[in-house]
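Chain residues, written in single-letter form:
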Amino acid sequence: MLLLVFQTLTSHALAACSRMIQVPVSATGRSVMISGDNIDGIYPDILLNLNDKDGCQFALTAVPRARLEMLFETGKADLLIPASKTPRRDKHGLFIPLVFNRATLISLESNRPVLRSAQELLDKKDLKVVLVRGYDYGPAYQDIVKELGRQGRLYYDADPVSVARLIKAGIADITIMAPSILAGAIMDDARVQDMLDKLRYEPIPELPWGDSGVYLSKNALNNEDRQTLKDLLEKVAKSGAVWKSFQRYYPAHVLKESIRPR
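Residues numbered from 1 in each chain as written. Predicted model: local features only at pLDDT ≥ 70, side-chain atom pairs only at ≥ 80, totals over all residues. Heavy atoms only, no water.

1. Considerations on the packing of aromatic side chains
Move 1: Within the structure shown, the criterion is met by six aromatic pairs.
Move 2: Taking NZ or CZ as reference, Arg-262 lies 4.5 Å from the ring centre of Phe-100, over its face. (Phe/Tyr/Trp six-rings, centres within 6.5 Å; stacked < 30°, edge-to-face > 60°. Lys NZ or Arg CZ within 6 Å of the ring centre and 35° of its normal.)

As structure tokens, this is what we get:
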């Protein structure tokens, strides 16, 4: 497990939070980028800025996405970031929205007719689907996943780059995730970089625009720290800083399909 601790400029005695805030993260496009011992990207930048300005300290650890979800659900992670708002996560955390996002069907350009609904995907039984284990875009997404699994058409992998490699190799045909995640993951990976301009995004009504942001643990954080972090992150949301960061990290055509400001 990789560990990156951001030190504040103030002493611990003056910190706004009562202790170090534990934030396991997984590679998520350019929202969270992990390379060796380095963890950076849009959301690590936001947390570092909170360190410098507001005194809370954040310890970031790199873990697979499925483990990240388990750590949050069992109260061993203080934050879940980034995360789409879902009923399952609502049981374990207080959600702070930062941007709007949506998942789409993503594949390589082809002559295949456009898929316009979940049912069309389910009916197209020759298409094999690969997903990142631990991703969740709500009940409709889970219903699609359940039926694809029942049909025996479903693969899982640990991260977006691995998903891209399966699609490039022809082992799978299509994935379902936010375009910003897949595009961001392959931008700097030489093995799949040539896919970037060949990706085909197919929105479906079952996966509409929804909230994306950060969950604050109901179990791991005490009330005072949770309120402090809530206040800080709500200020970040109102400032528009997250959307500005997305605009710096991503080309406009990718954001058009997957991210909107609040």
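From this point, things continue past the structure.
2. Some words on the nonpolar core
Nonpolar side chains tend toward joint burial in soluble globular proteins.
Move 1: Within the largest apolar cluster, 75 residues are counted, with the highest numbers of intra-cluster contacts made by Phe-58 and Leu-121.
Move 2: With five residues, the top contributor of residues to this core is helix α1 (residues 42–54).
Move 3: Apart from residues no more than four positions distant in its own chain, Leu-121 is found in contact with Leu-105, Leu-115, Leu-127, Val-129, Ile-144, Leu-148, Arg-153, Ile-174 and Ile-176.
Move 4: With nine residues, the next largest nonpolar core counts Ala-77, Ala-83, Phe-95 and Tyr-215 among its residues. (Core = buried A, V, L, I, M, F, W, Y, C linked by side-chain atoms within 4.5 Å. Buried < 20%, exposed > 50% of the residue type's maximum accessible area, 1.4 Å probe, protein only. Helix = DSSP H or I, 4+ residues; strand = E, 2+ residues; numbered from the N terminus. Contact = heavy atoms within 4.5 Å.)

3. Here we look at the pattern of salt bridges
Move 1: With the rule as written, the count across this model stands at 15 salt bridges.
Move 2: With its nearest N and O atoms 2.6 Å apart, the salt bridge here joins Arg-30 to Asp-188. On the criterion of sequence distance, the pair formed by Arg-30 in the loop between β2 (21–25) and β3 (33–35) and Asp-188 in the loop between α7 (179–186) and β12 (199–202) is long-range, its members being 158 residues apart.
Move 3: By relative accessible area, which is 15% here, Arg-30 ends up buried.
Move 4: As a salt-bridge pair, Arg-200 and Glu-202 come within 3.8 Å of each other at their nearest N and O atoms. Glu-202 matches Arg-200 in its accessibility class, with the two residues each being buried.
Move 5: Through salt bridges with shared partners, one network takes in Arg-65, Glu-69 and Arg-89. (Salt bridge = Lys/Arg side-chain N within 4 Å of Asp/Glu carboxyl O.)

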